[in-house]
Amino acid sequence: MSILRIYAPASSANLSVGFDSLGAAISPIDGSLLGDVVQIEDSERQFELESVGHFVQKLPKEPQKNIVYQAYVLFSERLKLRGQAVKNLRLTLEKNMPIGSGLGSSACSIVAALVALNRFHNEPFSKMELLEMMGELEGRISGSIHYDNVAPCYLGGLQLMTQSLGNICQPLPFFNQWYWVLAYPGIEVSTAEARAILPKSYTRQDVIAQARYLGSFVHACYTQQDILAALMMKDLVAEPYREALLPNFPNVRQGCKDLGALAVGISGSGPTMFAIAPDLEHAQKLSTYLEQQYLQNSDGFIHICKVDNQGARELK
Ligand SMILES: Nc1ncnc2c1ncn2[C@@H]1O[C@H](COP(=O)(O)OP(=O)(O)OP(=O)(O)O)[C@@H](O)[C@H]1O
Ligand SMILES: N[C@@H](CCO)C(=O)O
């Protein structure tokens, strides 16, 4: 009887400068696991799914709406197209990530489920085939396919969505000395709704400026110019329209900058916000400040994190 447990880490999409194009996997520096776990094992029945964990009450009531169930159905269909049948199996989702948090909660469930299913069947699908399925499932939830949570969650590191020449994404060099202070206020913001409020079009001036920021950011990553990279983490696409969804965001953002944050922004579609600190001392000050100023209830939390270079992995 084989049992596998796959952990998929939280991720922070956009990094302000790359809407739908950049995302980083993140892990708390205290060693805690910030992400979902999917366990897979043999079963007498064709398929069983159980959900447990801190945020299990927030999952859809109908099991068929759980994205892990949908991952199983999609995986089975794709396997059938290869002339292979899915094994009898039981999945257990440990839902540790708050839903609608801006930390890639649905991506954690999708990635952990598909990695578990693929390993359980001796890896019939390549990394890119699996990632393509992850994007399809993420698209069902948010209304349009975007890979900036699933790609880093699956592969680790900072990923740029190139979506060309057979690669959905490619890794970027990053700044290992940076600390990410992530503050989840404890309220929910739906990704689909945070996308629906964005404008249908942008001015030429904004398009040109955003292209300059993203190009300069990528250049700064390759040439390891941390100050330039942080300066370029600006968002004309989403932040001006989404900040109203976040509690007191403009003031808190300014407060973080006053405390020495190199960059401050919305993680994914929010309401989690991030502040980049140049060292641990600044990170701790930012953490205390955000705890006092940004958390709204007892579900909220702060984590000092670094980029997680491993991505989804088996827990032994
Ligand atoms: N296993 C699951 N984990 C998370 N959300 C799920 C899951 N299964 C179904 N859902 C549904 O998917 C939607 C997730 O919403 P949303 O995309 O806003 O959350 P999110 O993934 O946390 O967002 P973000 O990517 O900004 O972190 C909710 O409606 C939720 O009920
Ligand atoms: N890039 C997506 C991420 C959602 O988590 C957005 O900002 O809508």
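Calculation rules
Residues numbered from 1 in each chain as written. Chains lettered and ligands numbered in written order. Predicted model: local features only at pLDDT ≥ 70, side-chain atom pairs only at ≥ 80, totals over all residues. Heavy atoms only, no water. Near = heavy atom within 4 Å. Polar contact = N/O pair within 3.5 Å; in protein donor to acceptor, adjacent residues only side chain to side chain. Areas by Shrake-Rupley, 256 points an atom, 1.4 Å probe, with all protein chains shown as cover. UniProt positions renumbered as here; feature names shortened; annotations may be inferred. Helix = DSSP H or I, 4+ residues; strand = E, 2+ residues; numbered from the N terminus. Pairing = 2+ DSSP bridges. Contact = heavy atoms within 4.5 Å. Axes fitted to C-alpha atoms, helices over the stretch in contact; angles between N-to-C directions. Phe/Tyr/Trp six-rings, centres within 6.5 Å; stacked < 30°, edge-to-face > 60°. Lys NZ or Arg CZ within 6 Å of the ring centre and 35° of its normal.

Caption draft 1: Fine view of the site of ligand 2. Looking at ligand 2, the residues that line it are A13, N14, F19, D20, H146, D148, N149, T191, R195, R242, G268 and S269. Contacts to ligand 2 include N14, whose side-chain N or O atom sits 2.8 Å from an oxygen atom. Here D20 contributes a side-chain N or O atom positioned 2.5 Å from a nitrogen atom of ligand 2. Burial of ligand 2 by the surrounding chains reaches 97%, relative to a free accessible area of 260 Å².

Caption draft 2: Structural detail: the UniProt feature "domain: GHMP kinase C-terminal" (unreviewed entry) in the protein. Per the UniProt record, the feature "domain: GHMP kinase C-terminal" (unreviewed entry) sits at residues 232–294. Between the end C-alpha atoms of residues 232–294 the distance is 24 Å, and the span holds 44% helix and 14% strand.

Caption draft 3: Representation of the sheet that holds strand 1 (residues 3–9) in the model. Strands sit in the order 5-6-4-1-13 across an open sheet of 5 strands; the sheet is mixed. Each edge of the open sheet is held by one strand with a lone partner, namely strand 5 (47–52) and strand 13 (313–314). Note that strand 1 and strand 4 (residues 35–42) share 7 bridges and pair antiparallel. Looking at the pairing, R5 lines up with Q39 of strand 4. Of the strands in this sheet, strand 1, strand 4, strand 6 (89–94) and strand 13 touch helix 2 (residues 105–120), which is tilted by about 25° from strand 4.

Caption draft 4: View of the packing of aromatic side chains. As enumerated under the stated definition, the model contains 10 aromatic pairs in all. Feature note: the residues F174, F175, W178, W180 and F274 constitute an aromatic cluster, connected by ring pairs. The ring of F120 has K87 sitting right over it, with the charged end atom 4.6 Å from the ring centre. The residue whose ring lies beneath K306 is Y179, and the NZ or CZ to ring-centre distance is 4.3 Å.

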